Amino acid sequence: EPQSFYNLLNLCDGSFAGGDNGRVHVGTPKTSSQCHDGDDGNDDDEKSRSTTALLNDNKNDDINTTTTKNDHITLHQRLNHARQIHTLLTQLNIPCIEPAFTALIRLAVRVGDYELAEEYLGEAEGTQQCKVKLRMYSSLLRGYCGGLSEEEEDVDTNDNDVTTAGGGGTSNSSGAGPTQEGLIKALKVWKRMYDNSGGISTGHPRYLESKQDDNNSSTTKEQQQQQLFGEGVSPKITLSEYEYSALLRCATALKDVKVAERVLSDIAESVMVPGLSTMKVMLDWFRSDRCDVASTATADNNSETSAASSALDHVTLPPREGEGLSVGPITNDTGRGWNIYRDCTIDSSTGSLQLSNPEEVQTTTDCPSNQIEYRLKPVELTQKAWKAMREMNSSIVLEGTVEGNISVFQGGGKGKKRPRGSDVVSKLHGGNAKQGSTAHNNKNNSGRKKKDPNWRINHWKGFETFIENHSSYNIVIDGANVGYYNQTYRLGSNAPRHVDYKQIDGLIRHLLELPSNERHHIILFMHERHFSQRLLPQWAYPIIKMWDGNEAPYDRLTVYRTPQGLNDDWYWMHAALINGGREDKPSVLAITNDEMRDHHFQMTAQGYFLRWKERHQVHFDFGEWNRELKRNDVLLEYPSIYSRRIQRVDGESKGCVLAGADSIVIPLPKKGDENRFVDGVHVADDGIPQEETYVVVQRVIS
């Protein structure tokens, strides 16, 4: 089976955790002494000999295909085994898939055969069954930057015929240090990855039509991708923290200011909280920025050491996500370098940073450093970011999923379908609900779906119109998330039959009964099944009636019932995004404890999404029983007044901005950061503090 060959290719590449420094090749066959006595062991030996003979027919090098537990498998042996398997797959007309190509490329890079790695990459890009991913390009990019990380390199030191990333000389590792030629090639891999990702797949229903458009239309590829985005269309691939670190490390070694500034700006835009290893690479740049780097950055253009000799002058990189936003100059024109203050604390009520002692004492300004104040600012999303998120959310609703973003969370519906809720509305209101309520709009959805194949599109378009015409609102609530909160804990292992309507109502009343200077208009989103007569408990009927009524304070509440077959999360998400960036509409907060990984994994603009969560998501909890209010106290965690992200801030003293005293502030990881990372599984290491701390990189001036 093809999967067996793919597994073998990954075994050839794999160094797995455990054993000697984490390098144990699990694909090594057992010795005969370890086999069980009897017929089963003999059968296994016979099968092993047959497989060996088959592979030997295709091999070009004289290599033993079986080893003992004391034998060391060199990188060249691994690669030669992998090449045999690849040749056999070609002879059998079995196409390789992405994991197989990734293994081949990574092995070639580890050996130092970059021409072979490029050959495999070209074959992968031309293979229909291979859906490109970042990891397929990552090892080649990092190899060109000067070699893979130590844990990826084999411990063997006998392979002395390994070519270097720069294309000349030999080395006993996968790279011989950074070179400008290698950096240029790495940047080209970055651009190549961007160009070959995204777009429409062969399985898309409009694939042939799009191909005809490519030949007959002047529409750009970017425009076509936006028009077609949805099922069967992959997003553009962007670099991760891992690749950015390799590029910045290489640029630092080569003192390439242009590349370093581009990479640092991209990190600031796409990485909310950089890891400690990335932090070290970033600080290495500023530590190295002394007179020599400053002269390189400001030299005459005719000089051989001019910034015009940057590797970036040889490559056109993908457009920046942040509409040209930058961390600003990263070199000090005075040649005095930078002061670095580690583990700075912050006053969360003001965003003011308290500087620690610098790594090296330098003269900064006439004002002592302990009298300079740095205050973090809130960083809002750009118009481009708001627009991209709105379009992406609508596309996912209409198409259901986005190819290339596989997540256990994604999909258009959630869980077992329950009865619909229109019957309760009829019982409570005689079929009439207050203006703005959608209870009467969702009736007989199943019948509509059978009669109208476009019901999904039509319903969503109707919702978009409903939101556009809705009176001003500033809060949306994920009703199911609030209603199910702590339900499993209280009821044990059995899933709750229904949401806690009293809990939802307590949160609503808390918001609606705030002082007049904090008046809110709320839209509550809940799936229509939560209003089903067969599901709704008798004691909840009065609550639903108040929600749909016009008596204060519920006259500032709208209840939107989402239809069966569609994920209710996408509705409140759209309502939260629709006013983004508009000066004539209030900013909208979303109350939910859902970390929204299903949204995150299906959105191409992952950096946008994380920043939106930071500025617009409100977490909730419930406190002790309040006898006076006859409900539990509501505890809300609003977004902070500043953005915890990399940003450039001005230095101030006694309220006045100090010229030239600007600094770059970088947040450090802390416990509780798990949900700020892309994969949602980050676990803070021992020694990581509970509180927020920062690194302040301060320009030194005369």
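For the structure itself, consult the block above.
## What about the overall build of the chain?
Then comes step 1: Along its length, the chain carries 24 helices and 18 strands.
Then comes step 2: When each of the 702 residues of the chain is scored for burial, the buried share is 50%.
Then comes step 3: Taking as baseline every contact in the chain between residues at least 6 positions apart, the subset at least 24 positions apart corresponds to 74%.
Then comes step 4: For the chain, the exposed surface amounts to about 33500 Å²; the carbon and sulfur share of it is 47%.

## Considering the packing of aromatic side chains
Then comes step 1: According to the stated counting rule, one finds 16 aromatic pairs in the structure shown.
Then comes step 2: Judged by centre distance (6.0 Å) and plane angle (80°), the rings of Trp190 and Tyr244 are edge-to-face. You can see Trp190 sitting in helix H7 (residues 180-196) and its partner Tyr244 sitting in helix H10 (residues 241-254), a full 54 residues away along the chain. Here Trp190 and Tyr244 have matching classes, each one buried.
Then comes step 3: Where Trp460 meets Phe463, the ring centres are 5.1 Å apart and the plane angle is 45°; that geometry is what we call tilted. Pair noted here: Trp460 and Phe463 are both in helix H17 (residues 455-469), with a separation of 3 residues, about one helical turn.
Then comes step 4: Of the aromatic side chains, those joined through ring pairs into one cluster are Trp460, Phe463, Phe466, Phe525, Tyr560 and Tyr571.

## A word on the pattern of salt bridges
Then comes step 1: Applying the stated criterion across every chain, the model contains 24 salt bridges.
Then comes step 2: Taking the shortest distance from any N to any O, the salt bridge between Lys191 and Asp195 comes out at 2.8 Å. One end of the pair is Lys191 and the other is Asp195, both in helix H7 and 4 residues apart, which spans about a single turn.
Then comes step 3: Relative accessible area serves as the criterion here: at 23%, Lys191 is assigned to the partly exposed category.
Then comes step 4: The class for Asp195 is partly exposed, based on a relative accessible area of 33%.
Then comes step 5: Connected through shared salt-bridge partners, Lys280, Asp284, Arg287 and Glu359 make up one network.

## Some details on the side chain of Arg648
Then comes step 1: Relative to the elements of secondary structure, Arg648 occurs in strand S14 (residues 647-649).
Then comes step 2: A distance of 2.5 Å separates the side chain of Arg648 from the backbone oxygen of Val327, its partner in a polar contact.
Then comes step 3: In this structure the side chain of Arg648 is engaged in a polar contact, spanning 2.9 Å, whose partner is the backbone oxygen of Pro329.
Then comes step 4: Not counting the four nearest positions on each side in its chain, Arg648 is found in contact with Val327, Gly328, Pro329, Trp338, Lys377, Asp662, Ser663, Ile664 and Arg699.

## Describing the packing of helix H6 (residues 134-144) against H10
Then comes step 1: Their axes nearest at 10 Å, the elements H6 and H10 cross at an angle of 15°. Between H6 and H10, the interaxial angle falls into the category roughly parallel. Of the two possible hands of crossing, H6 and H10 adopt the one that is left-handed. Contacts between H6 and H10 pair Leu134, Ser138, Leu141 and Arg142 from the former with Tyr242, Glu243, Ala246 and Leu247 from the latter.
Then comes step 2: When its residues are assigned to classes, the contact of H6 with H10 shows 5 nonpolar, 1 polar and 2 charged.

## Digging into the environment of Asn7
Then comes step 1: Note on placement: Asn7 falls in helix H1 (residues 2-13).
Then comes step 2: Taking the relative accessible area as the measure of exposure, Asn7 reaches 40% and is therefore partly exposed.
Then comes step 3: Considered as a pair, Asn7 and Pro99 are 92 residues apart in the sequence and their alpha carbons are 9.0 Å apart.

## Some words on the pairing of strand S13 (residues 631-637)
Then comes step 1: Pairing of strand S12 (residues 617-626) with S13 involves 6 bridges; the strand directions are antiparallel. Considered in S13, the bridge of Asn626 is made with Arg631.
Then comes step 2: Following S12, the chain reverses through 4 residues before pairing antiparallel with S13; Lys630 in that reversal takes a positive phi of roughly 60°.

## Side note on the nonpolar core
Across soluble globular proteins, nonpolar side chains show a tendency to be buried alongside one another.
Then comes step 1: Formed by 77 residues in total, the largest nonpolar core has its most connected members in Leu140, Leu187, Trp190 and Leu247.
Then comes step 2: A total of 8 residues in this core trace back to one element, the largest contributor, which is helix H4 (residues 98-111).
Then comes step 3: Beyond its immediate sequence surroundings of up to four residues, Leu140 is in contact with Ile105, Val109, Tyr114, Ala117, Glu118, Leu121 and Val189.
Then comes step 4: Residues Trp386, Ile396, Ile467 and Tyr571 belong to the second largest nonpolar core, which totals 32 residues.

## Notes on the sheet that holds S12
Then comes step 1: Spatial ordering of the open sheet is given by S10-S9-S8-S11-S12-S13, a layout of 6 strands whose pairing is mixed. Both edges of this open sheet fall to strand S10 (557-562) and S13, since each of them pairs with a single strand only. For this sheet the average axis-to-axis angle between neighbouring strands, irrespective of direction, equals 30°.
Then comes step 2: Pairing between strand S8 (residues 475-478) and strand S11 (residues 589-591): 3 bridges, direction parallel. Within S11, the position partnered with Val476 by the bridge is Ala590.
Then comes step 3: The strands touched by H17 are strand S9 (522-527) and S10; relative to S10, the strand with the most contacts, the crossing angle is about 170°.
Then comes step 4: Of the strands in this sheet, S8, S9, S10, S11, S12 and S13 touch helix H20 (residues 501-512), which is tilted by about 65° from S13.

Criteria and cut-off values
Residues numbered from 1 in each chain as written. Predicted model: local features only at pLDDT ≥ 70, side-chain atom pairs only at ≥ 80, totals over all residues. Heavy atoms only, no water. Helix = DSSP H or I, 4+ residues; strand = E, 2+ residues; numbered from the N terminus. Buried < 20%, exposed > 50% of the residue type's maximum accessible area, 1.4 Å probe, protein only. Contact = heavy atoms within 4.5 Å. Areas by Shrake-Rupley, 256 points an atom, 1.4 Å probe, with all protein chains shown as cover. Phe/Tyr/Trp six-rings, centres within 6.5 Å; stacked < 30°, edge-to-face > 60°. Salt bridge = Lys/Arg side-chain N within 4 Å of Asp/Glu carboxyl O. Polar contact = N/O pair within 3.5 Å; in protein donor to acceptor, adjacent residues only side chain to side chain. Axes fitted to C-alpha atoms, helices over the stretch in contact; angles between N-to-C directions. Parallel < 35°, antiparallel > 145°, perpendicular 65-115°, else oblique. Left-handed = near helix turned anticlockwise from the far one by under 90°. Nonpolar A, V, L, I, M, F, W, Y, C, P; charged D, E, K, R; others polar. Pairing = 2+ DSSP bridges. Core = buried A, V, L, I, M, F, W, Y, C linked by side-chain atoms within 4.5 Å.

These figures capture arrangement, not role.
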